[in-house]
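Fold and geometry: a report
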Amino acid sequence: MTHCPLCVGLAVLSAVRFSAHALLIWNVRRSPTRPASQQGSLPRLQPQAI
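Here goes a summary of the coordinates provided. What you see is a predicted model, and the numbers here were worked out from it, not measured in a lab.

We now examine the overall build of the protein. For the protein, the count of helices and strands is one helix and zero strands. A buried classification covers 0% of the 50 residues belonging to the protein. Summing over all exposed atoms, the protein offers an accessible surface of approximately 5200 Å²; the carbon and sulfur share of this is 67%.

Printed below as a string of structure tokens:
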């Protein structure tokens, strides 16, 4: 741990960002709200009749 404080801060920030993204991906993959055929795709808007 002889690196400068900036390097340590960037390493901590990188670890926090990685864990946040991993948690987001884990939650999306566990979500049973959409059929398996649509997993990983963006939800599409359905046209509504006026």
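Continuing now.
Moving on, we get to the state of the cysteines. Scanning the model with the defined rule gives zero disulfides in all. Residue Cys4 stays outside any disulfide, its sulfur separated by 3.1 Å from that of Cys7, the closest cysteine.

Geometrically, a pair of aromatic rings is defined through the distance of the ring centres and the angle of the planes. As enumerated under the stated definition, the model contains zero aromatic pairs in all. Above the ring of Trp26, the side-chain terminus of Arg30 is found at 4.8 Å from the ring centroid.

With that out of the way, let us pick up a nonpolar patch on the surface. A contiguous nonpolar patch, built from Leu6, Leu10 and Leu13 and spanning about 320 Å² of accessible area, is present on the exposed surface. Relative to the helices and strands, Leu6 is located in helix α1 (residues 5-30). Its relative accessible area of 60% is what places Leu6 among the exposed residues.

Parameters and conventions
Residues numbered from 1 in each chain as written. Predicted model: local features only at pLDDT ≥ 70, side-chain atom pairs only at ≥ 80, totals over all residues. Heavy atoms only, no water. Helix = DSSP H or I, 4+ residues; strand = E, 2+ residues; numbered from the N terminus. Buried < 20%, exposed > 50% of the residue type's maximum accessible area, 1.4 Å probe, protein only. Areas by Shrake-Rupley, 256 points an atom, 1.4 Å probe, with all protein chains shown as cover. Disulfide = S-S within 2.5 Å. Phe/Tyr/Trp six-rings, centres within 6.5 Å; stacked < 30°, edge-to-face > 60°. Lys NZ or Arg CZ within 6 Å of the ring centre and 35° of its normal. Patch = residues over 30% accessible without salt bridge, like charges linked within 9 Å, V, L, I, M, F, W, Y side chains within 5 Å. Salt bridge = Lys/Arg side-chain N within 4 Å of Asp/Glu carboxyl O.

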